[in-house]
Amino acid sequence: MSVELIDFYADWCGPCQMMKPVVAELEKVHPEIKVTSVNIDEEDELAEKYGVSSIPCFVVLRDGKEVAREVGVVPLKKLEKMLEK
Amino acid sequence: MKHYDVIVVGGGIAGMTAAIYVRRANKTVLVLEGRTYGGQIINTLNIENWPGDMGVSGVDLVQKIYQQMTELGAKMEFETVTAVERSDNGFMVKTEDETYTAGAVILAVGAEDKKLGLASEEKFTGRGVSYCATCDGAFYKGKKVAVIGGGNTALYDALYLADIVEKVYLVHRRSEFRGDAVLVERLCGKSNVEFVLGYVPEEIVGGKKVSGVRLVSSGKVADVKDGMDLDIDGVFVAIGKLPMTGGFAGLVELDTGGYIKAAEDCVTSCPGVFAAGDCRVKDMRQLVTAAADGAVAADKAVNYSNN
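Below is a short write-up of the structure. These numbers come from a predicted model, not from an experiment.

Scanning chain A for helices and strands turns up three helices and four strands. The secondary structure elements of chain A, listed N-terminal to C-terminal, are β-α-β-α-β-β-α. A compact globule built from 85 residues would reach a C-alpha radius of gyration of about 12 Å, and chain A, at 12 Å, matches this within 12%. Counting over 85 residues, chain A shows a buried share of 54%.

What follows is the structure, encoded as structure tokens:
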């Protein structure tokens, strides 16, 4: 079973910048989780594929299937709860 | 249970400034923040009215203030406050996971975007429904969008989006705008902006993403149809702000808009609880007035916890 967190962001997005240290902390605490950061300006087809139209947006995939999604700034604990889904 | 001289609820500009002032008075302080620190200003790329730092971004500014606060010995925990209750010698502040005690409490909970209140709204948030044109406008290049609202934020959003998208419908329930006439004039000069006046959204429709919005007559403008549908890819909601004071209605008096009743001295109806920033009844909600409230509330809270 694989769990992946996709972090959709852009350089011009303030809330995304605020989330950077939170995502970095998550990677440190949960090395077993694969974290993929997607710059929506460079990989807009991925944003399109996942139907993302607001950032920051966090999508949790379990074995490739979406199980949780959150838009906006969220604390570490909330990200961790999403990963349990 | 961990005790602090002062607990600040909310880590925006008002809350973090309060924490700085409490530490400068050599008292212990904990800031409780349910999301990330900084508050609404993190959405602003370029601030031109913060003295001494022309053009600073919201993120840079709040990171500096956070660093200053922690260097002075203030602590922040990322927990959502669920209740503030009076106790024998002060207050109990409960979060989802912990309970803290405090000699005095500063409510600096801020404000958030008002929602339309439609069942479909939450479903499509982040999938075509947005509350921030400057954040999400780039997703709608060459597409059609609706902006809902009649104040300055709605007018600014419509102007901003007009330069990016193919078509902007500005939907407002009245025939006049609350926002500035000069902005309305500028919008009239945009060939791809259409005013849809006298309507309110009834439902946002779509499959995986938004594909349209169903409008009904607001009853405030004569001679409009009962309803109409707009085929659009995005809905930008700009109908004002709402103070995040709901959980504190039993603790302090609120006005009809939900703002905490307190004058410039930040003193609320509950002794020992002070209100700072956008959640307080006030005329101007600006960075500097939020910071000013933080200083005043901290001074009052320190004095209260001393006695």
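Moving on from the model shown.
Among the secondary structure elements, Glu122 of chain B is positioned in helix α3 (residues 119–124). With 70 residues separating them along the chain, Glu122 of chain B and Asn192 of chain B place their C-alpha atoms 28 Å apart.

Another point: the pattern of salt bridges. All names here are of chain B. Within this structure, the stated rule accounts for 19 salt bridges over all chains. Between Lys282 and Asp293 there is a salt bridge; the shortest N-O distance is 3.1 Å. Highlighted residues: Lys282 in the loop between β17 (273–275) and α7 (287–306) and Asp293 in helix α7, separated in sequence by eleven residues. Asp293 carries the same exposure label as Lys282, and that label is buried. Via salt bridges that share partners, Glu264, Arg280, Lys282 and Asp293 belong to a single interconnected network.

So, on to the packing of helix α1 (residues 14–29) of chain A against helix α3 (residues 76–83) of chain A. Residue and element names in this part refer to chain A. Across the interface, α1 lies against α3 with an axial gap of 10 Å and an inter-helix angle of 50°. Compared by their axis directions, α1 and α3 come out oblique. Here the hand of the crossing between α1 and α3 comes out right-handed. Facing Met19, Val22, Glu25, Leu26 and Val29 of α1, the residues of α3 in contact are Leu76, Leu79, Glu80 and Leu83. Residue classes in the contact of α1 with α3 are distributed as seven nonpolar, no polar and two charged.

Quick notes on the rules
Residues numbered from 1 in each chain as written. Chains lettered and ligands numbered in written order. Predicted model: local features only at pLDDT ≥ 70, side-chain atom pairs only at ≥ 80, totals over all residues. Heavy atoms only, no water. Helix = DSSP H or I, 4+ residues; strand = E, 2+ residues; numbered from the N terminus. Rg over C-alpha atoms; globule rule 2.2 N^0.38 Å. Buried < 20%, exposed > 50% of the residue type's maximum accessible area, 1.4 Å probe, protein only. Salt bridge = Lys/Arg side-chain N within 4 Å of Asp/Glu carboxyl O. Axes fitted to C-alpha atoms, helices over the stretch in contact; angles between N-to-C directions. Parallel < 35°, antiparallel > 145°, perpendicular 65-115°, else oblique. Left-handed = near helix turned anticlockwise from the far one by under 90°. Contact = heavy atoms within 4.5 Å. Nonpolar A, V, L, I, M, F, W, Y, C, P; charged D, E, K, R; others polar.

Shape descriptors only; they carry no functional weight alone.
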